[in-house]
Amino acid sequence: MSTDIKHCGVVDEVEDGRVKVRIVQSSACASCKVASHCNASENKEKVVEVPVRDASRYAVGDQVVVAASQRTGTLAVVLSSVIPLFILVAVLACVLAVTGSEGVAALSSIAALAPYYLILYICREKIRARLSFRLEQENV
């Protein structure tokens, strides 16, 4: 069983050392027969930048498969959701226990996320290196 996350896409832009691929991310119910009448189904179009050694092999409009390891997906979820949620709840509980004010606790917990996102921004190149995608096959 493959542990990769894969999406089919179309090459949108080719630059030296990288290829930008446009993928359509669909919810599981987007393929349902009544999806057009339902608010739960949605499609999101995203552009993913993929580092490549030989960008000249790709041309705009080529069909490709963008892949990432499951470990990459897990790290992305932890950085984007799990850690911020933990910070939010921990600060909310601590400030509420100290001050007794729900308003102050709520504002403090939201403000506590600013340093976290600043650290993510400062470390974005290291994170980008760990969360990289690859082109697995072309002409799908």
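Structure first, text after, so check above.
A short tour of the structure in this document, coming up. (Residues numbered from 1 in each chain as written. Predicted model: local features only at pLDDT ≥ 70, side-chain atom pairs only at ≥ 80, totals over all residues. Heavy atoms only, no water.)

**Things to note about the nonpolar core**
Inside soluble globular proteins, nonpolar side chains tend to come together where they are buried. This is how it is decided: Take the buried Ala, Val, Leu, Ile, Met, Phe, Trp, Tyr and Cys residues and link them wherever side-chain atoms come within 4.5 Å; each set so joined is a nonpolar core. Each residue is placed in one exposure class: buried if its accessible area under a 1.4 Å probe, protein chains only, is under 20% of its type's maximum, exposed if it is over 50%, and partly exposed if it falls in between. Under the DSSP-based scheme used, a helix requires at least four consecutive residues in state H or I and a strand at least two consecutive residues in state E, with every element numbered from the N terminus. We call two residues in contact whenever any of their non-hydrogen atoms come within 4.5 Å of each other.
Core analysis: the largest hydrophobic core is formed by twelve residues, namely Val11, Val19, Val21, Ile23, Val48, Val50, Val52, Ala55, Tyr58, Val64, Val66 and Leu135. Broken down by element, the residue count for this core peaks at three residues, all from strand S2 (residues 18-26). Excluding anything up to four places from it in sequence, Ala55 contacts Val14, Glu15, Gly17, Arg18 and Val19. Counting residues in each nonpolar core, the second largest holds five residues, with Ile87, Leu113, Tyr116 and Leu120 among its members.

**A look at the pairing of strand S4 (residues 63-69)**
Applied cut-off: Between any two strands, at least two bridges found by DSSP are needed for them to pair.
Taking burial as the measure, the seven residues of S4 include five buried ones, the bulk of the element. Across seven bridges, the pairing between strand S1 (residues 4-15) and S4 is antiparallel. Pairing of Lys6 across the sheet is with Ala67, part of S4.

**Section: the side chain of Ser109**
By the element assignment, Ser109 lies in helix H2 (residues 102-111). Beyond its immediate sequence surroundings of up to four residues, Ser109 is in contact with Leu88, Val91 and Leu92.

**Some thoughts on a nonpolar patch on the surface**
What counts here: Distance thresholds for patches are 9 Å for like charges and 5 Å for nonpolar side chains (Val, Leu, Ile, Met, Phe, Trp, Tyr), applied to residues having over 30% relative accessible area and no salt bridge. Accessible surface area values rest on a Shrake-Rupley calculation with a 1.4 Å probe, where residue burial reflects the displayed protein chains alone. A pair is scored as a salt bridge if a Lys or Arg side-chain nitrogen falls within 4 Å of a carboxyl oxygen belonging to Asp or Glu.
On the surface, Leu118, Tyr121 and Ile122 cluster together to form a nonpolar patch covering roughly 350 Å² of accessible area. Considering the arrangement of structural elements, one finds Leu118 in helix H3 (residues 113-122).

**Quick notes on the packing of helix H1 (residues 70-99) against H2**
Operational definition: Between N-to-C directions, angles span 0 to 180 degrees; the directions come from axes that are lines fitted to C-alpha atoms, helices contributing only their stretch in contact. Note that the term roughly parallel is reserved for angles under 35 degrees, roughly antiparallel for angles over 145, roughly perpendicular for angles of 65 to 115, and oblique for everything else. Left-handed describes a crossing in which the near helix is turned anticlockwise from the far one by less than a right angle; the clockwise case is right-handed. We call Asp, Glu, Lys and Arg charged. Ala, Val, Leu, Ile, Met, Phe, Trp, Tyr, Cys and Pro are nonpolar, and the rest, Gly among them, are polar.
Taken N-terminus to C-terminus, the directions of H1 and H2 make an angle of 150°; their axes are 8 Å apart at the nearest point. One finds that H1 runs roughly antiparallel with respect to H2. Like other packed secondary-structure pairs, H1 and H2 cross with a definite hand, here right-handed. Counted together, Leu88, Val91, Leu92, Val95, Leu96 and Thr99 of H1 and Glu102, Val104, Ala105, Ala106, Ser108, Ser109 and Ile110 of H2 form the full contact between these two elements. Residues that form the contact of H1 with H2 fall into these classes: nine nonpolar, three polar and one charged.

**Looking at the environment of Ala76**
Along the chain, Ala76 turns up in helix H1. Separated by 51 residues in the primary sequence, Ala76 and Ile127 have C-alpha atoms spaced 9.1 Å apart.

**Concerning the packing of aromatic side chains**
We count it as follows: Ring geometry is summarised as follows: Phe, Tyr and Trp rings, the Trp one being its six-membered ring, pair when their centres sit within 6.5 Å, and such pairs are stacked at plane angles under 30 degrees, edge-to-face over 60 and tilted between the two. Geometrically, a charge over a ring is one whose NZ (Lys) or CZ (Arg) sits within 6 Å of the ring centre while staying within 35 degrees of the ring normal.
Throughout the structure, instances matching the rule amount to one aromatic pair. Taking the centre distance of 5.4 Å and the plane angle of 65° together, the rings of Tyr116 and Tyr117 count as edge-to-face. Directly above the aromatic system of Tyr121 lies the positively charged group of Arg124, at a separation of 4.1 Å from the ring centroid.

**Some words on the pattern of salt bridges**
For the coordinates displayed, the defined rule picks out five salt bridges. Arg18 is paired through a salt bridge with Glu49; the nearest N and O atoms lie 2.9 Å apart. Here the residue Arg18 occupies a position in strand S2, and Glu49 occupies one in strand S3 (residues 43-51), the gap between them amounting to 31 residues. Of the residues examined, Glu49 reaches a relative accessible area of 32% and is grouped as partly exposed. For the salt bridge of Glu125 with Arg128, the shortest nitrogen-to-oxygen distance reads 3.9 Å. Taken together, the positions of Glu125 and Arg128, both in helix H4 (residues 124-130) and three residues apart, correspond to about one turn of that helix. For Glu125, a relative accessible area of 49% gives the class partly exposed. Residue Arg128 is classed as partly exposed on the basis of its relative accessible area of 46%. The network of salt bridges with common partners includes Asp12, Arg22 and Glu45.

From the geometry alone we can't say anything about function, so treat these as descriptive.
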